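A look at the structure
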Amino acid sequence: KVMQGESDNMEKKVQIGMLCEIYGNLLTKRQLNILNDYCNEDLSLTEIAENNKITRQAVNDIVKKGESKLLEYEQKLGIMKKTIDQIGRASCRERV
């Protein structure tokens, strides 16, 4: 059984991964690469730090800043929410 904290963390990674797909080009290449490694490749902060020859704390800072920017873009533009709403409406129509 997945613990609640792990489930929440996985959901957040999925959300951030989706936001990277939508808004990733608005981030720096470094932020996008590190967020991709963290969310989509499921690498640990330590693994990402070793691969990029930076500290674990630097990776953590980049992840936090990148997540914050992505969430800010979504709050202002709402592309992911609009897309999910459209998918929901389309699937409701298919059931009728």
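Throughout what follows, the structure given in this document is the object of discussion. All chains use their own residue numbering, which begins from 1 and follows the written sequence. With pLDDT at 70 or above as the cut-off, local features in this predicted model cover only qualifying residues; side-chain atom pairs require 80 or more to be listed or tallied, and sums for whole chains, interfaces and linings still use all residues. The side-chain values count all of the structure's non-hydrogen atoms but skip hydrogen atoms and water molecules.

Another point: the nonpolar core. By nonpolar core we mean a set of buried residues, namely Ala, Val, Leu, Ile, Met, Phe, Trp, Tyr and Cys, connected to one another through side-chain atoms within 4.5 Å. Throughout, exposure labels follow a simple rule: accessible area from a 1.4 Å probe, protein chains only, divided by the maximum for the residue type, with under 20% read as buried, over 50% as exposed, and the rest as partly exposed. Ile 16, Leu 35, Val 59, Val 63 and Leu 70 are the most contacted members of the largest nonpolar core, which has 17 residues in total. Put simply, DSSP marks the helices as runs of H or I at least four residues long and the strands as runs of E at least two long, and each gets a number from the N terminus on. Listing elements by their share of this core, those giving two or more residues are α1 (4-23), α2 (29-39), α3 (45-52) and α4 (56-77). Apart from the residues lying within four places of it in its own chain, the contact partners of Ile 16 are Leu 35, Cys 39, Glu 67, Leu 70 and Leu 71. In what follows, a contact means two residues having at least one pair of non-hydrogen atoms within 4.5 Å.

The next point concerns α4. If you check α4, its first and last C-alpha atoms are 31 Å apart, about what 22 residues at 1.5 Å a residue would give, namely 32 Å. Listing the buried residues of α4 in full gives Val 59, Asn 60, Ile 62, Val 63, Gly 66, Glu 67, Leu 70 and Glu 74. Down the axis of α4, the buried side of the element spans an arc of 165°, and every buried residue falls inside it. With respect to the buried face of α4, the exposed residues turned more than 90 degrees away are Lys 65, Gln 75 and Lys 76. Of the residues flanking the end of α4, it is Gly 78, one or two places downstream, whose phi is positive at about 65°. An expected span of 1.5 Å times one less than the residue number is assigned to each helix. Arc definition: it is the arc formed by the directions from the helix axis to the C-beta atoms.

Counting through the fold element by element, Gln 31 comes out in helix α2. Residue Gln 31 is classed as buried on the basis of its relative accessible area, which comes to 10%. Setting aside anything within four residues of it in sequence, one finds Gln 31 in contact with Ile 62, Lys 65, Gly 66 and Lys 69.

In this section: unusual backbone geometry. Positive phi is not limited to glycine here, since Asp 42 has a value of about 55°. The residue Asp 42 is located in the loop between α2 and α3 in this model. A residue is classified by how much of its surface remains accessible, and Asp 42, at 48% relative accessible area, is partly exposed. Here the phi dihedral of Lys 53 falls at roughly 55°; this positive angle occurs in a residue that is not glycine. Residue Lys 53 is classed as exposed on the basis of its relative accessible area, which comes to 75%.

Two numbers describe how α2 lies on α3: the axes approach to 10 Å, and their chain directions differ by 140°. It follows from the interaxial angle that α2 and α3 lie oblique. With respect to the hand of their crossing, α2 and α3 are arranged in right-handed fashion. Contacts between α2 and α3 involve Arg 30, Ile 34, Asp 37 and Tyr 38 on the former and, on the latter, Leu 45, Ile 48 and Asn 52. All residues other than Ala, Val, Leu, Ile, Met, Phe, Trp, Tyr, Cys, Pro, Asp, Glu, Lys and Arg, Gly among them, are scored as polar; the first ten of these are nonpolar and the last four charged. Residue composition of the contact of α2 with α3, grouped by class: four nonpolar, one polar and two charged. Here an angle of 0 to 180 degrees is reported between the N-to-C directions of two axes, which are lines fitted to C-alpha atoms, with helices fitted over the stretch in contact. Angular relationships are summarised with four words: roughly parallel below 35 degrees, roughly antiparallel beyond 145, roughly perpendicular across 65 to 115, and oblique for the angles in between. Handedness of each helix crossing follows the sense of rotation of the near helix against the far helix: counterclockwise by less than a right angle gives left-handed, clockwise gives right-handed.

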